[in-house]
There are 2 protein chains.
Amino acid sequence: MRDVVVIGTGQTPVGELWEKSLRHLAHDAIIPAMSDAGLERADALYVGNMLSGELAGQEHLGALIADFIGLRGIEAMKVEAACASGAAALRVGLMAVASGLHDVVLVCGVEKMTDTVGGVTTSALATAADQEYEVSQGVSFVGLNALLMRRYMYQYGVTHEAFAGFTVNAHRNGVNNPNAMFRSAISVGSYMKAGMIADPINLMDSSPVCDGAACVVLAAADRFKSKAKASILASSVATDSLAIHDRRDPLVLDAVALSSQKAYVAARVRPADIHVFELHDAFSIMAALSLEAAGFAPQGKGVQLALNGDIAIGGKLPISTMGGLKSRGHPVGATGVYQVVELVSQLTGQAGANQVRGATVGMAQNIGGSGATVITHILGAV
Amino acid sequence: MRDVVVIGTGQTPVGELWEKSLRHLAHDAIIPAMSDAGLERADALYVGNMLSGELAGQEHLGALIADFIGLRGIEAMKVEAACASGAAALRVGLMAVASGLHDVVLVCGVEKMTDTVGGVTTSALATAADQEYEVSQGVSFVGLNALLMRRYMYQYGVTHEAFAGFTVNAHRNGVNNPNAMFRSAISVGSYMKAGMIADPINLMDSSPVCDGAACVVLAAADRFKSKAKASILASSVATDSLAIHDRRDPLVLDAVALSSQKAYVAARVRPADIHVFELHDAFSIMAALSLEAAGFAPQGKGVQLALNGDIAIGGKLPISTMGGLKSRGHPVGATGVYQVVELVSQLTGQAGANQVRGATVGMAQNIGGSGATVITHILGAV
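Residues numbered from 1 in each chain as written. Chains lettered and ligands numbered in written order. Predicted model: local features only at pLDDT ≥ 70, side-chain atom pairs only at ≥ 80, totals over all residues. Heavy atoms only, no water.

## Description of the interface of chain A and chain B
At step 1: Chain A puts 59 residues into the contact, and the matching count from chain B is 59 residues.
At step 2: For the interface between chain A and chain B, the tally reads 8 salt bridges.
At step 3: Of the charged contacts in the structure, one is a salt bridge between E75 of chain B and R91 of chain A, with a shortest N-O distance of 2.7 Å.
At step 4: The tally of links from chain A across to chain B stands at 32 residue pairs in polar contact (both at pLDDT 80 or more). (Contact = heavy atoms within 4.5 Å. Salt bridge = Lys/Arg side-chain N within 4 Å of Asp/Glu carboxyl O. Polar contact = N/O pair within 3.5 Å; in protein donor to acceptor, adjacent residues only side chain to side chain.)

## Side note on the relation of the copies chain A and chain B
At step 1: Its rotation angle being 180 degrees, the transformation that places chain A on chain B also includes 0.0 Å of axial translation and leaves an RMSD of 0.0 Å. When the rotation and shift are considered jointly, the pair of chain copies conforms to a two-fold rotation axis. Within chain A, S99 of chain A has its C-alpha nearest the rotation axis, a separation of 1.8 Å.
At step 2: Both copies share a contact surface, since 100% of the interface residues of chain A are interface residues in chain B too. (Least-squares fit on C-alpha atoms with pLDDT ≥ 70 in both.)

## Description of helix α13 (residues 332-347) of chain A
An α-helical segment advances 3.6 residues per turn. Residues three or four places apart therefore align on the same side.
Residues and elements named next belong to chain A.
At step 1: End to end, α13 covers 24 Å across 16 residues, agreeing with the expected 22 Å (1.5 Å per residue, within 8%).
At step 2: Counted residue by residue, α13 has 16 buried out of 16 residues, so it is predominantly covered.
At step 3: Looking one or two residues beyond α13, the residue adopting positive phi is G349, at roughly 70 degrees. (Helix = DSSP H or I, 4+ residues; strand = E, 2+ residues; numbered from the N terminus. Expected span 1.5 Å × (residues − 1). Buried < 20%, exposed > 50% of the residue type's maximum accessible area, 1.4 Å probe, protein only.)

## Section: the packing of aromatic side chains
Residues and elements named next belong to chain A.
At step 1: Taken as a whole, this structure holds 8 aromatic pairs over all chains when the rule is applied.
At step 2: On the numbers, 6.2 Å between centres and 55 degrees between planes, the contact of F141 with F283 is tilted. Placement of F141 in helix α6 (residues 141-156) and of F283 in the loop between β9 (276-278) and α10 (284-293) is noted, with a sequence separation of 142 residues between them.
At step 3: For F283, a relative accessible area of 5% translates into the label buried. (Phe/Tyr/Trp six-rings, centres within 6.5 Å; stacked < 30°, edge-to-face > 60°.)

## Details of the state of the cysteines
At step 1: All told, the structure shown has 0 disulfides over all chains when counted by the stated rule.
At step 2: Free of any disulfide, C108 of chain A has its nearest cysteine sulfur in C215 of chain A, 5.4 Å distant. (Disulfide = S-S within 2.5 Å.)

## Notes on the pairing of strand β2 (residues 44-48) of chain B
Residues and elements named next belong to chain B.
At step 1: Counting buried residues along β2, 5 of its 5 residues qualify, which places the element largely inside the surrounding structure.
At step 2: Covered by surrounding structure in β2 are A44, Y46 and G48 together with L45 and V47, the residues of both alternating faces.
At step 3: In this structure, β2 lies alongside strand β3 (residues 75-80), joined through 5 bridges in parallel fashion. When the bridges of β3 are listed, G48 appears paired with V79.
At step 4: Summarising the sheet, β2 and strand β4 (residues 104-112) pair through 5 bridges and their orientation is parallel. Note that in β4 the partner of V47 across the bridge is C108. (Pairing = 2+ DSSP bridges.)

Everything listed is a geometric property; what it means functionally is a separate question.
Written out as structure tokens, the structure is:
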């Protein structure tokens, strides 16, 4: 198996980008990434996307985008694992290079969730949950996460306010990210006053509906050593049941634990060795549960890391350093690639005001559904 | 790069399977395949599917199916490339094993197209074409293929009846396939009398809307030598523009030519060395264009192979030996896996009355859209 490195990254700003269609968004992330890598061609394109069929009436994004970026003819396909689609595409790109089938490939996560009419996006997001056992009962995806948050508050005796730290941290970091959707810091007071979406999840507990695309160029380490920006030390995927009622314990994300452990073993690190953790804070409850299952806090104590400042830049375990899903935004199928783009900026010392000093090992974790697909990548500085 | 072999296959009958949901269909193909391989576990599952989001309100099939077959926890994801989704998933499974990341993986193609209301399936299939430049004009996917067939008839002076041989051959072969949707032979007369769908494509030029699932178990050749049923000699993907008006020549499937050539080189064979060709006869015009671009006939002469009997079992180049997309059926995201399952039955001498004598090298070609994604696999007997 060949070692794989990242040799280029690109991203669009995240937001309501009504003037750009899916292919334009992808183009605007891929071309800068190829330019960053100093390349005009690549062997293949793997697209991470969840909702193009439901929301844009367009499947077949692989060939569509390969053609639009001027690379008609190359291998291309779409990879889907709900909100973990971006990292799933990265995983496939890594296998393509590691196997020796290709030397340099493009991985692009792209999603367009706005510019729709009615409740279409909410329905489309619910396709990440179990249609036959959950969604058919009328519950939305936010609703499922709300049930988890309510249960967490009850079981561990935690108040709603205890989650504020995740949102405050994300927005504080988003201020300095020119690609973030929301670039204003918020206070605990405004967190508490935010409108309720699905009790107890309010507007400030929830990542936004938005559009965006991000791209990484992966290459064989032995052939592109001089261009390497970061090494992929580990890549792992684990799954759980989609339906939350079928889990061993609804408050323990078994797939996060399994995926993280496999990644730690492959990268030969312990949780304490991770300098930056780009986690999947689609909802503040997901941030808490992820920190616990990934081994950074005991069960029920994930919120403590937000309360005591550990998750801040300069803290013990900086998370969401460029704003995370809450402030940078969560264009679902693109998020896993954004996370890795941001990790590379940290590992190359390019994170500006949000730079984590001395960061040489970082972890990105992309979650599909309420923890049913968990994909972890650990990257190292070169 | 490690060599990869097929060690097990499974399939459901193709048809209107209203009593089975997506996960049940996948289960009914995967469990027999694992049993065929003599295994109770696998390292990962790659699902080929195109329309689950649009038609069943269910994305995230990887984790959903992994859980339902009793393998909760393993790596799983969905791969999509329109009607070539099945072969795309196979390609990813091959990369997973070739890279050394996994030793044995499941590849399952599954699609459920019936059990819907109104014209939903027709709209969903059109997501394989270019939404912004083709579908928005009101053309359906059959309509696009009808334009190609009309152009072919005009440019080469070919009658509608000249295409009958493809359908007659497919139905003749389907008679002996217990998993085929249509098991009755048809005559040229009934072909000519079939109702028109999109002139000149009639009901007998077109593959049916249907449900089905197929599975292959892939494994590392060095570790599973004794279980090997067939070797994968080549795997290649090529793309073209989705929009037909953007092609170099609408009647030349450039991606078929490129994908086939790459596969021939990798497998070190010439077209004349192929003993069986499972091609993508979603429409009879696609069969003709595929034979030409893959190097089996000059431009405009593909129909001759049907007229002179070359494509029959016992002919020079048997195609659609178990009924093809027309008679076995075309559950779109599953088709690419069905093709390989059928190829393995030929290469292992298990094809019964439809056995191609002495078949040791076979090719399967799965096409997404009207030729925008073309994935070719060449398999060899062991």
